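# What the coordinates show
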Amino acid sequence: MSDERPPAEDAPNEVRETTREPVILRGISTRAWEHPADRGALVALRELRGFDIVLRKLSGVISERALRLSYLGSSIKVDRHQYARVHDAYLSVAAVLDATDLPDLYITRNPDLGGMCIGIDKPMIVINSGSLDLLDETELRFLLAHELGHALSGHGLYRTLLMVLLRLTTSVAWIPVGVVGLRVITAALYEWSRKSELSADRAGALAVQDPAAAIRVMAKMAGGGDLSDVDTAAFLEQAKEFETGGDLRDSFLKLLLLETRSHDFAVARAAAIKTWIDEGEYREYLAGAYPRREGDGDASITAEAKAAAKSYKDLFENSGDPLAKLLRKFRDRP
């Protein structure tokens, strides 16, 4: 374990840039970066032994093979001969997260900033070519680690599993309450997907160990890539305005806007990373106090469910959203 110590606390709304070499997180478990709501769902789903194996095999027989052949034929497979800079960055973040069995990495023609982790039986990571133009070296490593975090957590498998379960619920749609129930389930699945993105953001932050780079990636996703006239502190202030501004109408509109989004808004994700870092867990992990893979088998569904519930309770208690404030006011009335 490294003798290096985390930097001093940042001032409010400031995210300092760091130039030190990342601490290698030997044996780190995916539970370290998984958001409590994401982790609780994953621990429960991993207990559904057997069904995930069937799903892997069915996917691997047809659709995943076709997907892999499609990218093999139309994109650039990254290795030490092709996109060597990206390959080195990929190996760098994998080393920090102590990951060895790495998914294949492809660069595909797409001017937008972004990437994805796809596949079940054998996940692969696809990065848009636009990301190479819009991101600096550290930001690119954050994006690569974000997608690697998805792969290591098994999000591809369990997202597919959940969508299969969702399709099965259509059989009850003819019941009067079936449509309402289906919408609730769908909203819950999208909520889990958004939390899995926060998990991947944390994986990226742990891999690059440069909070400023993580915030810059979110700002570039929101603004198109050029930050020459962007203040990241002001960008973080947008998150406060998004959360606390307006009235009850805005609260309900935000709920509707988020209902079918698989990713949270960029400003909200930036604020979530900043909050997680400021709360101290990030620094504890860099100091060596992180969950290890050897303890994954002892993970408790009950404990993780309680942790997930606590995360939502804390979010409600600390939220500046007008609707949350009103609900707390009614709750606390004598």
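Let us now look at the pairing of strand E2 (residues 104–108). For E2, the tally of buried residues reaches five of five residues, placing the bulk of the element in the interior. Residue alternation in E2 divides its side chains into two sets, Asp104, Tyr106 and Thr108 and Leu105 and Ile107, and both sets are buried. Pairing between strand E1 (residues 76–77) and E2: two bridges, direction antiparallel. Following the sheet pairing, Lys77 is matched in E2 by Tyr106.

Take Asp264: it is sitting in the loop between helix H11 (248–259) and helix H12 (266–278). No salt bridge forms around the buried Asp264; measuring N to O, its nearest opposite-charge neighbour Arg194 is 5.2 Å away. Each residue touching Asp264, except ones within four places of it in the same chain, is listed here: Arg194, Leu258 and Arg269.

What follows concerns the pattern of salt bridges. Taken as a whole, this structure holds 12 salt bridges when the rule is applied. The residue Arg85 makes a salt bridge to Glu137 at a minimum N-O spacing of 3.2 Å. Here Arg85, found in helix H4 (residues 84–96), pairs with Glu137, found in helix H6 (residues 137–153); they are 52 residues apart in sequence, far enough to count as distant. With relative accessibility at 35%, the residue Glu137 sits in the partly exposed group. One network of salt bridges, with partners in common, ties together Asp136, Glu139, Arg216 and Lys220.

Take the confidence of the model for the chain next. Scored by pLDDT, the chain comes out at a mean of 80, with 71% of its residues at no less than 70. Confidence scores differ between elements of the chain, with helix H2 (residues 51–61) showing the lowest mean pLDDT of 57 and H4 the highest of 97. Within the model, pLDDT remains below 50 along residues 1–12, and this stretch shows 18 contacts once partners closer than five positions in the same chain are excluded.

Two elements in contact, helix H9 (residues 211–223) and helix H10 (residues 232–244), have axes separated by 10 Å at closest approach and are oriented at 75 degrees. Taken together, the axis directions place H9 and H10 in an arrangement best described as roughly perpendicular. Contact residues: H9 offers Ile215, Arg216, Met218, Ala219 and Ala222, while H10 offers Thr232, Phe235 and Leu236. Its residues placed into classes, the contact of H9 with H10 shows six nonpolar, one polar and one charged.

Quick look at the packing of aromatic side chains now. For the structure shown, the criterion picks out four aromatic pairs. Ring centres 6.3 Å apart and planes at 45 degrees place the aromatic pair Tyr71 and Tyr106 in the tilted group. Highlighted residues: Tyr71 in helix H3 (residues 63–74) and Tyr106 in strand E2, separated in sequence by 35 residues. Here Tyr71 matches Tyr106 in class, with each residue buried. Members of the aromatic cluster, joined through ring pairs, are Trp276, Tyr282 and Tyr285. Above the face of the Tyr290 ring, Arg292 is positioned so that its terminal group lies 4.1 Å from the ring centre.

How each quantity is defined
As a convention, each chain's residues are numbered from 1 in the sequence order in which they are written. Residues qualify for local features only when their pLDDT is at least 70, as the model is predicted, and side-chain atom pairs are given and counted only at 80 or more; totals for whole chains, interfaces and linings, by contrast, use all residues. Based on all heavy atoms of the structure, the side-chain values leave hydrogens and waters out of the count. Between buried and exposed lies partly exposed: a residue is buried under 20% and exposed over 50% of the maximum accessible area for its type, with that area taken using a 1.4 Å probe on protein chains only. Numbering of helices and strands runs from the N terminus; a helix is a DSSP stretch of H or I covering at least four residues, while a strand is a stretch of E covering at least two. Here, strands pair whenever DSSP counts at least two bridges between them. Charge counting treats Lys and Arg as positive and Asp and Glu as negative, with His and both chain ends excluded. In what follows, salt bridge is the name for a side-chain nitrogen of Lys or Arg lying within 4 Å of a carboxyl oxygen of Asp or Glu. For this analysis, residues touch if any pair of their heavy atoms sits within 4.5 Å. The quantity called pLDDT is the predictor's confidence in a given residue, expressed from 0 to 100. Simply put, an axis is a line fit to the C-alpha atoms, just over the touching stretch for a helix, and the angle between two N-to-C directions goes from 0 to 180 degrees. Orientation categories follow fixed angle ranges, with anything under 35 degrees roughly parallel, anything over 145 roughly antiparallel, 65 to 115 roughly perpendicular, and all other angles oblique. We call Asp, Glu, Lys and Arg charged. Ala, Val, Leu, Ile, Met, Phe, Trp, Tyr, Cys and Pro are nonpolar, and the rest, Gly among them, are polar. Between the rings of Phe, Tyr and Trp (Trp by its six-membered ring), a pair exists once the centres lie within 6.5 Å; its type follows the angle of the planes, with under 30 degrees stacked, over 60 edge-to-face, and the other angles tilted. Placement of a positive charge over a ring is assigned whenever Lys NZ or Arg CZ falls within 6 Å of the ring centre and within 35 degrees of the normal to the ring plane.

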